[in-house]
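# Structure at a glance
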Amino acid sequence: MNLPPELQAAVASSAADLARLTADLYHDPEKAASLAEAGRDYIRIRHSAERVRSALDRSLGLARKT
């Protein structure tokens, strides 16, 4: 995934790393809130209705009507 830098810090490569990340976020509510906001922004931008519609149109070979 092409994640922005603030979300790349939330990627874990092992179960132990994920557990540490989860515990860190539990103990740092501000960091958890910031990460959650960044995640919502990522989803809103990358998976908007228009982007999904456009991707489906391209994959199905449909031309968008203007």
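Report on the accompanying structure. Numbers given for residues are sequential positions, taken from 1 along each chain in its written order. Two thresholds apply to this predicted model, a pLDDT of at least 70 for residue-level local features and 80 or more for giving and counting side-chain atom pairs, whereas whole-chain, interface and lining totals are computed over all residues. Heavy atoms from the whole structure form the basis of all side-chain values; hydrogens and water molecules are not counted.

## Looking at helix α3 (residues 29-46)
In an α-helix there are 3.6 residues to a turn, and that puts residues three or four apart on one side. Filter applied, for reference: Think of it this way: any DSSP run of H or I at least four residues long counts as a helix, any run of E at least two long counts as a strand, and we number them from the N terminus. Helix span, as expected, comes to 1.5 Å for every residue beyond the first. By definition in these notes, contact holds between two residues if any of their heavy atoms fall within 4.5 Å.
Taking 1.5 Å of rise per residue, the 18 residues of α3 would be expected to cover 26 Å, and the 25 Å separating its terminal C-alpha atoms lies within 8% of that figure. Looking at the buried positions of α3, the neighbouring elements they touch are α1 (5-8) and α2 (15-27).

## Details of the environment of R58
Put simply, the test is: A 1.4 Å probe rolled over the protein chains alone gives each residue an accessible area, and that area as a share of the maximum for its type sets the label: buried under 20%, exposed over 50%, partly exposed in between. Identification of polar contacts relies on pairs of N or O atoms within 3.5 Å, with a donor-acceptor requirement for protein atoms, meaning one able to donate a hydrogen and the other able to accept it, and with residues adjacent in sequence counted only if both atoms are side-chain atoms.
Topologically, R58 is positioned in helix α4 (residues 49-60). Relative accessible area serves as the criterion here: at 61%, R58 is assigned to the exposed category. Reaching out from R58, the side chain makes a polar contact with the side chain of S54 at a distance of 2.7 Å.

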